[in-house]
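Chain and residue survey
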Amino acid sequence: MAAEIETTEKYHQWYYDTEVWQGVEFLGVPCYKSVSDMWNYQEIMAILKPSLVIEFGTRFGGSALYFSVIGRSINPDLEVLSVDISHQEVLPQVHADPAVHLATESSVSPEIKAKIIAMRARCPGKVFFILDSDHRKAHVLAEMELLRSVVESGDYLIVEDGNINGNPVLPGWGEGPFEAIQEYMQRYPDDYQRDIARETKFGFTFAPSGFLIKT
Ligand SMILES: C[S@@+](CC[C@H](N)C(=O)[O-])C[C@H]1O[C@@H](n2cnc3c(N)ncnc32)[C@H](O)[C@@H]1O
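A brief structural summary. (Residues numbered from 1 in each chain as written. Predicted model: local features only at pLDDT ≥ 70, side-chain atom pairs only at ≥ 80, totals over all residues. Heavy atoms only, no water.)

**Describing the pattern of salt bridges**
In this structure the tally under the stated criterion is 17 salt bridges. Of the charged contacts, one joins Arg-59 and Glu-89 as a salt bridge, the two residues approaching to 2.7 Å between their closest N and O atoms. Of this pair, Arg-59 sits in the loop between strand S3 (52-56) and helix H3 (62-74) while Glu-89 sits in the loop between strand S4 (79-84) and helix H4 (92-95), and the two are 30 residues apart along the sequence. A relative accessible area of 38% means that Glu-89 is categorised as partly exposed. A salt bridge links Asp-97 to Arg-72; its shortest N-O distance comes to 3.0 Å. Of this pair, Asp-97 sits in the loop between H4 and strand S5 (100-104) while Arg-72 sits in helix H3; the two residues are 25 residues apart in sequence, bridging distant segments of the chain. Salt bridges sharing common partners tie together Lys-137, Glu-145, Glu-175, Glu-183 and Arg-187. (Salt bridge = Lys/Arg side-chain N within 4 Å of Asp/Glu carboxyl O. Helix = DSSP H or I, 4+ residues; strand = E, 2+ residues; numbered from the N terminus. Buried < 20%, exposed > 50% of the residue type's maximum accessible area, 1.4 Å probe, protein only.)

**A word on the site of the ligand**
Taken together, 18 residues surround the ligand, and among them Lys-33, Gly-57, Asp-84, Ser-107 and Asp-132 come closest. Tyr-32 is positioned with one of its backbone polar atoms (N or O) 3.0 Å from an oxygen atom of the ligand. In the complex, 85% of the free accessible area of the ligand, which totals 600 Å², lies under the protein chains. (Near = heavy atom within 4 Å. Polar contact = N/O pair within 3.5 Å; in protein donor to acceptor, adjacent residues only side chain to side chain. Areas by Shrake-Rupley, 256 points an atom, 1.4 Å probe, with all protein chains shown as cover.)

**Section: the layout of surface pockets**
Each pocket or cavity is described by its volume, and for the largest pocket that value is around 400 Å³. Considering the residues around the largest pocket, the lining is formed by 16 residues, among which Ile-5, Thr-8, Glu-9, Gly-203 and Phe-204 are closest to the centre. Among the secondary structure elements, those contributing two or more residues to the lining of the largest pocket are helix H1 (2-17) and helix H8 (196-200). If you tally residues by element for the lining of the largest pocket, the top one is H1, at five residues. Residues of the lining of the largest pocket, tallied by class, amount to five nonpolar, seven polar and four charged. If you add up the space inside the second largest pocket, you get close to 320 Å³. Lining the second largest pocket are 22 residues; nearest its centre among them are Trp-21, Tyr-32, Arg-59, Asp-132 and His-135. Its residues placed into classes, the lining of the second largest pocket shows 10 nonpolar, seven polar and five charged. (1 Å grid on protein atoms, 1.4 Å probe; cavity = no way out; pocket = protein on both sides within 12 Å on 5 of 7 lines; lining within 4 Å. Points joined across faces, edges and corners; volume = space filled by probe spheres on them. Nonpolar A, V, L, I, M, F, W, Y, C, P; charged D, E, K, R; others polar.)

**Comments concerning the pairing of strand S9 (residues 211-214)**
By the bridge criterion, three bridges tie strand S7 (residues 156-159) to S9 in an arrangement that is antiparallel. Opposite Tyr-156, over in S9, you have Ile-213 as the bridge partner. Relative to S9, strand S8 (residues 192-194) runs antiparallel, the two being bridged by three bridges. Across the sheet, residue Gln-193 finds its bridge partner in S9, namely Ile-213. (Pairing = 2+ DSSP bridges.)

**Things to note about the nonpolar core**
Tyr-41, Phe-67, Phe-128 and Ile-158 are the most contacted members of the largest nonpolar core, which has 34 residues in total. Those elements that place two or more of their residues in this core are H1, helix H2 (35-48), H3, strand S6 (127-131) and S7. Contacts of Phe-67, omitting those with residues within four sequence positions, involve Tyr-41, Met-45, Val-53, Glu-55, Arg-72, Leu-78, Val-80, Phe-128 and Ile-130. Membership of the second largest hydrophobic core comes to 29 residues, among which are Leu-147, Val-151, Val-159 and Ala-180. (Core = buried A, V, L, I, M, F, W, Y, C linked by side-chain atoms within 4.5 Å. Contact = heavy atoms within 4.5 Å.)

**Side note on the sheet that holds S4**
Taking strand neighbours across the sheet as the criterion, the seven strands line up as S5-S4-S3-S6-S7-S9-S8 in an open arrangement whose pairing is mixed. At either end of the open sheet lies a strand with only one pairing partner, and these are S5 and S8. Neighbouring strand axes in the sheet, compared pairwise and without regard to direction, differ in orientation by 20° on average. Bridging between S4 and S5 involves five bridges; their strand directions are parallel. Looking at the pairing, Val-80 lines up with Val-100 of S5. Along the sheet, helix H6 (residues 137-147) makes contact with S3, S6, S7 and S9, crossing S6 at roughly 160°. (Axes fitted to C-alpha atoms, helices over the stretch in contact; angles between N-to-C directions.)

In structure tokens, the structure reads:
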């Protein structure tokens, strides 16, 4: 078991440190992720059948496009809200997707909370949330706090990039998503159940402790 962990950690470190993730594309649009995490997300979505995906952190829009294409093949009525402080880098394929809505705001603004509530009312059903914006602990914690009154039982929340700050990549980065999740769980231990089977399914993830099901 120890040897197995060492092997997956080495692969994780290689994948991260050589910036393989910065070359990942979905339908020609950069998508800064672990490809096995993306495979896991579509497996989760196939079971969850969400009506809505809420993404914090758009960048080029590769992940928003991915959630739209995959999500609409599961539920044709699915919509995606992708939030970023700037959408200048978003590629045309993403702008052309009718189900992707871009909101140019900070993910912790009251306007975003109101927008999520309005979209939930328009798209009743389960929601798949994914946090991938500013990775500093205080920001991620504020995002989780903002979502507290918005998530509903059975919704799925991914908190990405807990792998930084030495978990196991980028040691010394400073407190990030992993530490935000820990603090959130201390504050509200009953809010979410960790989906450890998903987290461990492909040996490594950019989202350690970050596969969460709302109780
Ligand atoms: C890692 S990128 C997102 C990558 C994208 N989800 C993907 O998988 O390809 C992080 C994004 O978060 C955005 N960001 C930074 N601070 C933010 C904030 N306060 N609110 C929303 N987005 C923010 C940045 O502008 C950047 O585009």
